[in-house]
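What follows is the residue order along each chain.
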Amino acid sequence: MIRNSTKVVNEALSLPPKSRAKLAEKLLESLDDPRQREIDRLWAEEAEARINAYEKGDIKAIPGKEVFRRLKPRKKR
């Protein structure tokens, strides 16, 4: 098995950079929890919903410094 993986690694390293990047992405995806795609999809939907609500004026943005200022007292608990 080690011989085979060394061969695979050597072959992968001989690929052009774009092909190596695609291969690396596929390999990393294969390590994800099977539910990860669904989780990512749900987070993307949530982000889009928040952006839309902000753009419609339904919600207001809070500057990052203000968010961290509000969180500091919670951190001390």
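Please refer to the structure higher up on the page.
Every residue gets a number counted from 1 within its own chain, in the order that chain's sequence is written. Local features in this predicted model are restricted to residues of pLDDT 70 or higher, and side-chain atom pairs are both shown and tallied only at a pLDDT of 80 or more, whereas totals for entire chains, interfaces and linings draw on every residue. Hydrogens are left out, water is left out, and the side-chain values use all remaining heavy atoms of the structure.

**Student:** I would appreciate a short explanation of the overall build of the protein chain in the present structure.
**Tutor:** The helix and strand labels rest on DSSP assignments: H or I over at least four residues marks a helix, E over at least two residues marks a strand, and numbering proceeds from the N terminus. The helix and strand inventory of the protein chain stands at 4 helices and 0 strands. When the elements of the protein chain are put in sequence order from the N terminus, they spell out α-α-α-α. It is over C-alpha atoms that the radius of gyration is taken, and the globule rule equals 2.2 Å times the number of residues to the power 0.38. Here the C-alpha atoms of the protein chain give a radius of gyration of 22 Å, more than 25% beyond the 11 Å that 2.2 N^0.38 yields for 77 residues. On the principal axes, the C-alpha backbone points of the protein chain span a range of 55 × 35 × 25 Å. Throughout, exposure labels follow a simple rule: accessible area from a 1.4 Å probe, protein chains only, divided by the maximum for the residue type, with under 20% read as buried, over 50% as exposed, and the rest as partly exposed. Burial status across the protein chain gives 3% buried among its 77 residues. By element, 59% of the accessible surface of the protein chain is carried by carbon and sulfur atoms, the whole surface being about 7900 Å². Each accessible area is a Shrake-Rupley result for a 1.4 Å probe, and residues are judged covered by the shown protein chains and nothing else.

**Student:** Sorry if this is basic, but what is going on with the environment of P63 here?
**Tutor:** Positionally, P63 belongs in the loop between helix 3 (36–56) and helix 4 (64–75). Once the C-alpha coordinates of P63 and E25 are considered, the two residues, 38 residues apart in sequence, prove to be 34 Å apart.

**Student:** Could you clarify how one ought to interpret a nonpolar patch on the surface in this entry?
**Tutor:** Residues I62, V67, F68 and L71 make up a contiguous nonpolar surface patch of roughly 350 Å² in combined accessible area. Its place among the elements puts F68 in helix 4. Exposure remark for F68: the relative accessible area of 59% places this residue in the exposed category. What makes a patch is a set of residues exposed beyond 30% relative accessible area and free of salt bridges, joined within 9 Å when like-charged and within 5 Å when nonpolar (Val, Leu, Ile, Met, Phe, Trp, Tyr). Salt-bridge detection follows one rule: a side-chain nitrogen of Lys or Arg within 4 Å of a carboxyl oxygen of Asp or Glu.

**Student:** In this structure, what is going on with the pattern of salt bridges? I would like to understand it.
**Tutor:** Once their charged atoms are close, side chains differing in charge can pair, the charge on each being opposite to the other. Following the criterion strictly, the structure yields 8 salt bridges and no others. E45 serves as the salt-bridge partner of R41, at 2.2 Å between the closest nitrogen and oxygen. Taken together, the residues R41 and E45, both in helix 3 and 4 residues apart, mark about one turn of the helix. A residue is classified by how much of its surface remains accessible, and R41, at 38% relative accessible area, is partly exposed. With a relative accessible area of 45%, E45 lands in the partly exposed category. Beyond isolated ion pairs, a larger network of salt bridges with shared partners links E38, R41 and E45.

**Student:** Where do I start with helix 3 in this structure?
**Tutor:** Because an α-helix packs 3.6 residues into every turn, residues spaced three or four apart end up facing the same way. Multiplying 1.5 Å by the helix residue count minus one yields the expected span of that helix. The end-to-end C-alpha distance of helix 3 is 30 Å, a good match for the 30 Å that 21 residues give at a rise of 1.5 Å each. Backbone geometry just downstream of helix 3 places G57 in the positive-phi region, at approximately 85°.

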